[in-house]
Amino acid sequence: MPLGLAVLWWAPRAIPESHDAQGRRVDLPGQLFGGLLLAALAVAAIVHRFMLPAVGVALLAVLLFVQAERRAGPGAMIPLPLLRNARLAAVNGVAAAMTFGMYGVLFLLPLSWQRTGAMDAFEAGLALLPMSLTYVALSHYSGAWSTRFGTRRLMVGGMGLIGAGIALLALTQAGQHLWLAEAGLFLTGVGMALNTGPVLASAVAAVEPARAGTASAMVNTARMVGATLGVGVLGGVFAASSSVGVGFSAAMVLGASVALGGALLALVAQA
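Owing to the predicted nature of the structure, the values given are computational and were not obtained by experimental measurement.

**Observations regarding the nonpolar core**
Argument step 1. In terms of nonpolar packing, the biggest core is built from 48 residues, with Trp-113 and Met-252 touching the most fellow members.
Argument step 2. Of all the secondary structure elements, the ones that give two or more residues to this core are α5 (86-115), α6 (121-127), α9 (151-170), α10 (178-205), α11 (212-240) and α12 (244-269).
Argument step 3. Considering each element in turn, this core owes the most residues, 12 residues, to α5.
Argument step 4. When sequence neighbours within four positions are dropped, the list of residues in contact with Met-252 reads Gly-104, Val-105, Leu-108, Ile-166, Leu-169 and Ala-170.

Following this line, the structure appears as structure tokens:
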């Protein structure tokens, strides 16, 4: 909270204003129906006995959201031309695929370590560090690497590494082969570092400058949707299995498949 308050005070003084000159306003209907859509997706992914009703609410919310944005015109929270932007939609899909498997790992791996008695909570937290430390160490190089190697290569390579890292975790018998689990976490962290910056840059490049903030916000929302669905879906696969080892492996295979699908989508999005 102190850091957030400090940034709130400092940001208006340090960041140039880049607002849209078209006189936009707060789009309350768009926020209401967009929030309803995200909430319904979260319920569908996590509370499985409410899956069908929640999916129905989500579909209704999509229709109401599109109608509200059409009425709002240029002042919409997400103007319809952005919803029809194929490149932006593909980049959002990559962002969601990136967090789908990664957040599933963050949820299920320490849970598996603790349920099998391999580690306590503190030890599990320490064992997760290879992913986060690798991301912190490498992510600030992604801009220079994008310039040198191209955004497309970084996105495809990053998603491929995330998929490979999660696939390695699927071979660990619920994290029991610690060296293999740490290698999987390391590869996932490298992939996240390569991919995060280019995804955001690609989203902003896909729209006109006046909509750069909207595109950036859409990517961050896609990341959170992917994380929510990843925890819910992969957690459901884990819970439905006969043992911790089988459930963990099945969940990681699904998470790796989604990440590799994201690599393919990145290849198409940047073609």
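Right, picking up where we left off after that structure.
**Things to note about the side chain of Glu-69**
Argument step 1. Mapped onto the secondary structure, Glu-69 falls in helix α3 (residues 51-72).
Argument step 2. Given the relative accessible area of 1%, Glu-69 is considered buried.
Argument step 3. Setting aside residues up to four positions removed in sequence, Glu-69 forms contacts with Asp-27, Gly-30, Ala-76, Met-77, Ile-78 and Leu-80.

**Re the layout of surface pockets**
Argument step 1. Considering only enclosed or pocket space, the largest pocket measures out at about 690 Å³ in volume.
Argument step 2. What lines the largest pocket is a set of 25 residues, among which Ile-78, Leu-83, Asn-92, Met-218 and Thr-221 lie closest to the centre.
Argument step 3. At the level of elements, α2 (28-46), α4 (80-83), α5 and α11 are the ones that each hand at least two residues to the lining of the largest pocket.
Argument step 4. Of the residues in the lining of the largest pocket, the class split is 15 nonpolar, nine polar and one charged.

**A short note on a nonpolar patch on the surface**
Argument step 1. Taken together, the side chains of Phe-122, Leu-126, Leu-129 and Leu-133 present a nonpolar region at the surface, about 410 Å² in accessible area.
Argument step 2. Considering the arrangement of structural elements, one finds Leu-126 in helix α6.

**Regarding the packing of aromatic side chains**
Argument step 1. Evaluation of the coordinates by the stated rule reveals one aromatic pair.
Argument step 2. Between the aromatic rings of Tyr-141 and Trp-145, the centroid separation amounts to 5.5 Å while the plane-to-plane angle is 25°, which identifies the pairing as stacked.
Argument step 3. Residue Tyr-141 is classed as partly exposed on the basis of its relative accessible area, which comes to 40%.
Argument step 4. For Trp-145, a relative accessible area of 26% puts it in the partly exposed group.

**Focus on the packing of α9 against α12**
Argument step 1. The N-to-C vectors of α9 and α12 enclose an angle of 170°; their axes lie 8 Å apart at closest approach. Classified by the angle between their axes, α9 and α12 sit roughly antiparallel to one another. Along the contact surface, α9 presents Arg-152, Met-155, Val-156, Met-159, Gly-160, Ile-162, Gly-163, Ile-166, Ala-167, Leu-169 and Ala-170, while α12 presents Phe-248, Ser-249, Met-252, Val-253, Gly-255, Ala-256, Ala-259, Leu-260, Gly-262, Ala-263, Ala-266 and Leu-267.
Argument step 2. Looking at side-chain class alone, the contact of α9 with α12 contains 17 nonpolar, five polar and one charged residues.

**Some words on α5**
Argument step 1. When the terminal C-alpha atoms of α5 are compared, their 43 Å separation across 30 residues agrees well with the 44 Å that a helix rising 1.5 Å per residue should span.
Argument step 2. Structurally, the start of α5 carries an N-cap: the backbone nitrogen of Arg-87 is 3.2 Å from a side-chain oxygen of Asn-85.
Argument step 3. Phi turns positive, to about 80°, at Gly-117, one or two residues after α5.

**A look at the environment of Ala-170**
Argument step 1. On the secondary structure map, Ala-170 appears in helix α9.
Argument step 2. On a C-alpha basis, the gap between Ala-170 and Glu-123 in space is 20 Å, while along the polypeptide they are 47 residues apart.
Argument step 3. Once residues within four sequence positions are removed from consideration, Ala-170 is found in contact with Ser-249, Met-252 and Val-253.

**Things to note about the packing of α2 against α3**
Argument step 1. As a packed pair, α2 and α3 sit with axes 8 Å apart at the nearest point and diverge in direction by 160°. Of the possible angle classes, the one that applies to α2 and α3 is roughly antiparallel. Handedness of the crossing formed by α2 with α3: left-handed. In this structure, α2 contributes Pro-29, Gly-30, Phe-33, Gly-34, Leu-36, Leu-37, Ala-40, Leu-41, Val-43 and Ala-44 to the contact, and α3 contributes Met-51, Ala-54, Val-55, Val-57, Ala-58, Ala-61, Val-62, Leu-64, Phe-65, Ala-68 and Glu-69.
Argument step 2. Partitioning the contact of α2 with α3 into residue classes produces 18 nonpolar, two polar and one charged.

Criteria and cut-off values
- Residues numbered from 1 in each chain as written.
- Predicted model: local features only at pLDDT ≥ 70, side-chain atom pairs only at ≥ 80, totals over all residues.
- Heavy atoms only, no water.
- Core = buried A, V, L, I, M, F, W, Y, C linked by side-chain atoms within 4.5 Å.
- Buried < 20%, exposed > 50% of the residue type's maximum accessible area, 1.4 Å probe, protein only.
- Helix = DSSP H or I, 4+ residues; strand = E, 2+ residues; numbered from the N terminus.
- Contact = heavy atoms within 4.5 Å.
- 1 Å grid on protein atoms, 1.4 Å probe; cavity = no way out; pocket = protein on both sides within 12 Å on 5 of 7 lines; lining within 4 Å.
- Points joined across faces, edges and corners; volume = space filled by probe spheres on them.
- Nonpolar A, V, L, I, M, F, W, Y, C, P; charged D, E, K, R; others polar.
- Patch = residues over 30% accessible without salt bridge, like charges linked within 9 Å, V, L, I, M, F, W, Y side chains within 5 Å.
- Areas by Shrake-Rupley, 256 points an atom, 1.4 Å probe, with all protein chains shown as cover.
- Salt bridge = Lys/Arg side-chain N within 4 Å of Asp/Glu carboxyl O.
- Phe/Tyr/Trp six-rings, centres within 6.5 Å; stacked < 30°, edge-to-face > 60°.
- Axes fitted to C-alpha atoms, helices over the stretch in contact; angles between N-to-C directions.
- Parallel < 35°, antiparallel > 145°, perpendicular 65-115°, else oblique.
- Expected span 1.5 Å × (residues − 1).
- Polar contact = N/O pair within 3.5 Å; in protein donor to acceptor, adjacent residues only side chain to side chain.
- Left-handed = near helix turned anticlockwise from the far one by under 90°.

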